[in-house]
Amino acid sequence: MKPAPFVHHSPDSVEAAVAVLTEVGHDGKVLAGGQSLIPMLNMRLASPAHLVDINAIAGLDQVEVSDEWVRVGALVRHAALERDQDAYAALPLLRQALLNVAHPAIRNRGTTVGSIAHADAAGEMPTVLALCDGVVEVAGPSGSREVPWGEFFLGPLETSLDESELSVGVRFRRFGPGMRTAFLESARRHGDYALAGVGVAVTLDEGGTVSGAKVGFVSVTDVPAVLDVSDAVSGVEVADGGAFGRRLDDVAERVRNFVEPESDIHASADYRRMLVTELTRRALIQAVADSGAHEPPPARGSNSWFLTERSGAPVSSPPNTAFGESGRVTVRVNGKERSATVEPRRLLSDFLRHDLRLTGTHVGCEHGVCGACTVLVDGQPMRSCLMFAVSAQGHEVTTVEGLCDAPDARDREDGTRMNSVQQAFTECHGLQCGFCTPGFLTTISAFLDENPKPTEDEAREAISGNLCRCTGYQNIVKSVLRASELRTEREDDEREDATEHDPAQRHTGSVGAEGGPA
């Protein structure tokens, strides 16, 4: 479960990246987020001799919204696009689909363009590109070109990109007035690869009559495909539920005949066909029921302590370097610079455990599913088994050991020190064997920075990307809610302490405007 040896390249420009790809030919692979590529490397399903890491290239992490397009650069993370208010207001389908892409820890590192370039028929974003009639922007030795989505995807995991070319961005075409969208999928566990999924776009006129509709599919076709069902539903008034329902029967039959699912260990072809048919029916109903008023998503918390209250500046990754057999890697871990000489294929999880002896980070599946290896990178949960140590240069990494230095950490009578999440786990019996616990602790700590007072449903969603084989999750959910209470209690205590030590604060609000009691 470890990658084969490779040379790591870190170009600082698109031109330099293209030059490396041209030189190494079919032996090269591009690394952006790596959330699909690194599992394949770990399982030796792919063994490139050269990895071209484009994360040092400036300007590829931008989201741009125009009257016609939403443009997404090659280094825009799923999570960043999901929370981009302008992109969501311009094209709600993006966020509707992104919420189904894996788990938050994967979305924090994975890129939308990388997902599209990976060309997995089980991926959500290729389907969105097809529904939006989008294009892929490509840079190569002969210059730049644009590839329409229908010409980009050739087969499962196969695109029309030449081995010397790089996808630098994609453009999603904005829908016109009256368009309503929805995205639904079914998976064994929310965030896992979908057994089947659909995205729909329905056009309504001002009177609520359907004038057009199209459906895109996930996991039931070899390449992204769009089925136009406008003639089946056009002219029907949404308010006439009976008539609309009868039209959906026709749509369902068309979908059933259009898709070509395959059987595997998870589901038979017949089950997938039935599933995608029902999902299409539900998605169309959901889309036309949408009011069309799309509020921007809430602003995300900054997790500022992990970034701004640590001493020293982050270490920079050297640009335009080729890292061969081994080299010195320096990473800021728990507020301190730590170095070791490692191969470029060294996973961050192994770098932490074996080279830095920070064994609190545990290793389970090594392809990003279990969550035991989750650490915080620049304050955001990420899978350390899906990131190379060399890629962590220039970033702040916080492991479970570092949580004891968080602002909400307190000393205990037994001499130990715990943050509120660790304390809640001990109070609520949130662990048994403890193997999965470090990943839960880091994940929940970051989650509560963003959402200090979650509901039970939000707590369950937050931990959905972490597997536990002991507790049945009930006590872990209790621990999340208890940690929220502990944080509030500790913040209240700090305010009371500040008031007691500051006479001006102590008397504020005790006298009214006329000098009498307030």
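Residues numbered from 1 in each chain as written. Predicted model: local features only at pLDDT ≥ 70, side-chain atom pairs only at ≥ 80, totals over all residues. Heavy atoms only, no water.

Draft legend 1. The overall build of the protein, seen in detail. What the protein contains, in helices and strands, is 19 helices and 22 strands. Over its C-alpha atoms the protein spans a radius of gyration of 25 Å, differing by no more than 12% from the 24 Å that the globule rule assigns to 518 residues. When the backbone C-alpha atoms are referred to their principal axes, the protein occupies close to 75 × 70 × 50 Å. Taking all 518 residues of the protein together, 53% fall into the buried category. Summed over all atoms, the accessible surface of the protein reaches about 22,600 Å², with 49% contributed by carbon and sulfur. Where the 48 positive side-chain charges of the protein centre and where its 74 negative ones centre are 5 Å apart. (Helix = DSSP H or I, 4+ residues; strand = E, 2+ residues; numbered from the N terminus. Rg over C-alpha atoms; globule rule 2.2 N^0.38 Å. Buried < 20%, exposed > 50% of the residue type's maximum accessible area, 1.4 Å probe, protein only. Areas by Shrake-Rupley, 256 points an atom, 1.4 Å probe, with all protein chains shown as cover. Lys, Arg positive; Asp, Glu negative; His and termini not counted. Charge placed at Lys NZ, Arg CZ, Asp CG, Glu CD.)

Draft legend 2. Molecular detail of helix H14 (residues 348-355). Those residues of H14 that sit buried are Leu348, Ser349, Asp350, Phe351 and Leu352. Note on H14: the residue one or two positions beyond its end, Arg357, has a positive phi of about 60°.

Draft legend 3. Expanded view of the pattern of salt bridges. In total, this model carries 31 salt bridges according to the counting rule given. Here Arg417 and Asp411 are joined by a salt bridge, their closest N and O atoms 3.1 Å apart. Taken together, the salt bridges that share partners define one network made up of Glu64, Arg71, Glu137, Glu146 and Arg171. (Salt bridge = Lys/Arg side-chain N within 4 Å of Asp/Glu carboxyl O.)

Draft legend 4. Molecular detail of helix H11 (residues 241-258). Spanning 18 residues, H11 covers 25 Å between terminal C-alpha atoms, matching the ideal 26 Å at 1.5 Å per step. Along H11, the residues classified as buried are Ala243, Phe244, Leu248, Val251, Ala252 and Val255. Residues of H11 that are buried make contact with strand E13 (210-218), strand E14 (226-228), helix H10 (230-233) and helix H12 (269-289). (Expected span 1.5 Å × (residues − 1). Contact = heavy atoms within 4.5 Å.)

Draft legend 5. Quick look at the sheet that holds E14. Spatially, the 4 strands line up as an open sheet ordered E11-E12-E13-E14, and their pairing is antiparallel. Since the sheet does not close on itself, it has two edges, and those belong to strand E11 (179-186) and E14, each with one partner. Across this sheet, the average inter-strand angle for adjacent strands is 15°, counted without regard to direction. In the sheet, E11 pairs with strand E12 (residues 196-204) via 8 bridges, with the strands oriented antiparallel. Paired with Arg180 across the bridge in E12 is Val202. Helix H8 (residues 124-131) contacts E11, E12, E13 and E14 of the sheet and is inclined by roughly 150° relative to E13. (Pairing = 2+ DSSP bridges. Axes fitted to C-alpha atoms, helices over the stretch in contact; angles between N-to-C directions.)

Draft legend 6. The arrangement of the sheet that holds strand E7 (residues 143-148) in detail. The antiparallel open sheet is built from 5 strands, whose spatial order is E4-E5-E10-E6-E7. On the outer flanks of this sheet lie strand E4 (63-65) and E7, each paired with one strand and no other. The sheet shows a mean angle of 20° between the axes of neighbouring strands, direction not considered. Both E4 and strand E5 (residues 69-73) contribute to a ladder of 3 bridges, which runs antiparallel. Its bridge partner lying in E5, Val65 is registered against Val70. Taken strand by strand, helix H1 (residues 14-24) contacts strand E6 (135-140) and strand E10 (166-173), and its axis lies near 120° from that of E10. Seen against the sheet, H8 touches E6 and E10 and runs at an angle of roughly 55° to E10.

Draft legend 7. Here's a closer look at the confidence of the model for the protein. Residues at a pLDDT of 70 or more form 90% of the protein, whose mean pLDDT is 91. This stretch, residues 292-297, has a pLDDT under 50; its non-local contacts, to residues over four places away or in other chains, come to 12 contacts. Segment residues 308-315: pLDDT under 50, and 21 contacts once partners within four positions in sequence are set aside and those in other chains are kept. (pLDDT = per-residue confidence, 0-100.)

Draft legend 8. Structural view of the side chain of Ser384. Structurally, the position occupied by Ser384 is in the loop between strand E19 (380-383) and strand E20 (396-398). Look past the residues within four positions of Ser384 in its chain and what remains in contact with it is Leu347, Leu348, Ser349, Thr361, Cys373 and Val375.

Draft legend 9. Representation of the environment of Pro344. Of note, Pro344 is situated in the loop between strand E17 (336-342) and H14. Measuring from C-alpha to C-alpha, the distance between Pro344 and Val390 comes to 6.2 Å, with 46 residues separating the pair along the chain. Once residues lying within four places of it in the same chain are set aside, the contact partners of Pro344 are Phe6, His8, Phe323, Gly324, Glu325, Ser326, Phe388 and Val390.

Draft legend 10. Structural detail: the packing of aromatic side chains. For the coordinates displayed, the defined rule picks out 3 aromatic pairs. For the ring pair Phe152 and Phe153, a centre distance of 5.2 Å and an interplane angle of 90° mean the geometry is edge-to-face. Assessed through its relative accessible area of 0%, Phe152 is described here as buried. If you follow Arg95 out to its NZ or CZ, it ends over the ring of Tyr88, 5.3 Å from the centre. Sitting over the ring of Trp69, Arg171 keeps its end group 4.5 Å from the ring centre. (Phe/Tyr/Trp six-rings, centres within 6.5 Å; stacked < 30°, edge-to-face > 60°. Lys NZ or Arg CZ within 6 Å of the ring centre and 35° of its normal.)

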